[in-house]
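Chain by chain, the residues:
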Amino acid sequence: MAQRPYIVGNWKMHGTRAMLSEARAIDRAAQRHMKVEVAIAPPFTLIHPVHREAEQIGVGAQDCHHEAEGAFTGDISAAMIADAGAKFVILGHSERREAHGETDALVRAKAETALAAGLRIILCCGESAKTRDSGKAVAFVRKQLKASLPEPDQAFEDASERITVAYEPIWAIGSGNAATIADIVEMHAAIRALLIDLYGEEQGSEVRILYGGSVKPENASEILTAPEVGGALVGGASLTADSFMGIALAAAVETEDS
Ligand code: 13P
């Protein structure tokens with residue numbers, strides 16, 4: 001059974017308690033579009049406040065540690081974010097891979113720890129401009145994803161419910177220029193084939209694949225109707241209820257049309 005479109009806001013390092021009013025507005029608007037699954041990943045400090053107020057939207061984190069607990073000053077575990085109300089965690093975002101040197105192996109370890117803590121995961125992948133220009137984008141993303149996703153024997157029977165993949169070409173993030181539909185379609189088809197290879201037809205064909213990178217209300221409809229696009233991971237345009245829900249509305253219209 002096809003899953004609902006999934007529209008996720010990644011607030012990155014934006015937001016103090018003053019932003020709770022936006023979260024409330026997003027939650028209220030999401031109640032009018034129940035055919036779309038709407039979620040936000042605020043900074044750690046806002047997970048619990050958003051969770052306490054949200055009636056409809058999902059709340060998640062942007063990272064967690066790969067160990068369950070221990071002497072890791074300043075780090076946050078999967079169990080802690082779950083305790084604060086997070087239902088999912090974004091892992092392997094290119095900003096963490098780049099700025100914090102996160103390797104595929106580390107991202108995989110985080111993914112397995114998060115799943116074991118009962119969280120859902122959104123696992124990010126995506127190539128740099130240099131890799132795309134060299135014509136190796138698909139091969140790069142396949143390799144990156146294969147090494148970052150939980151081992152098939154670690155994935156649970158309900159992999160398609162608990163694992164989401166986000167394709168976010170690095171050069172499209174925050175640039176104002178999303179990837180072309182042709183590039184998105186090509187990459188999402190390659191990711192789908194890999195997911196079926198790894199998790200089998202039944203689970204692999206149902207894992208949602210989100211696109212991320214300069215998604216905004218103006219381009220959302222075109223992107224969300226592309227084959228194998230199961231939703232969007234949105235950065236800048238998720239910071240206000242108006243623009244974020246413009247994207248969710250595009251997903252809702254698509255669901256009603258289909
Ligand atoms: P932008 O939507 O700001 O391009 O960011 C995308 C992103 O990195 C979401 O994780």
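Right, let's walk through the structure included here. (Residues numbered from 1 in each chain as written. Predicted model: local features only at pLDDT ≥ 70, side-chain atom pairs only at ≥ 80, totals over all residues. Heavy atoms only, no water.)

### Quick notes on the side chain of Thr113
Along the chain, Thr113 turns up in helix α5 (residues 104-116). Residue Thr113 is classed as buried on the basis of its relative accessible area, which comes to 17%. When residues no more than four places from it in sequence are discounted, the contact partners of Thr113 are His65, His66, Glu67, Ala68 and Ala78. (Helix = DSSP H or I, 4+ residues; strand = E, 2+ residues; numbered from the N terminus. Buried < 20%, exposed > 50% of the residue type's maximum accessible area, 1.4 Å probe, protein only. Contact = heavy atoms within 4.5 Å.)

### Things to note about the pairing of strand β3 (residues 58-61)
The sheet contact formed by strand β2 (residues 37-41) and β3 spans two bridges and is parallel. Its bridge partner being in β3, Ile40 is matched across the sheet by Val59. Of the crossover connections in this fold, the one passing from β2 over helix α2 (residues 44-53) to the parallel β3 is right-handed. Taken together, the two bridges between β3 and strand β4 (residues 88-91) define a ladder with parallel strand orientation. Bridging across to β4, Gly60 finds its partner in Phe88. For the segment spanning β3, helix α3 (residues 78-84) and β4, crossover handedness is right-handed. (Pairing = 2+ DSSP bridges. Right-handed = clockwise from strand over helix to strand, strands pointing away.)

### Notes on the site of the ligand
Inspection of the region around the ligand gives 13 residues, with Lys12, His93, Gly174, Ser214 and Gly235 positioned closest. In the model, an oxygen atom of the ligand is placed 2.8 Å from a nitrogen or oxygen of the Ser214 main chain. One nitrogen or oxygen atom from the main chain of Gly235 is found 2.8 Å from an oxygen atom belonging to the ligand. Bound to the protein, the ligand loses 94% of the 310 Å² it would expose on its own. Its residues placed into classes, the shell around the ligand shows four nonpolar, seven polar and two charged. (Near = heavy atom within 4 Å. Polar contact = N/O pair within 3.5 Å; in protein donor to acceptor, adjacent residues only side chain to side chain. Areas by Shrake-Rupley, 256 points an atom, 1.4 Å probe, with all protein chains shown as cover. Nonpolar A, V, L, I, M, F, W, Y, C, P; charged D, E, K, R; others polar.)

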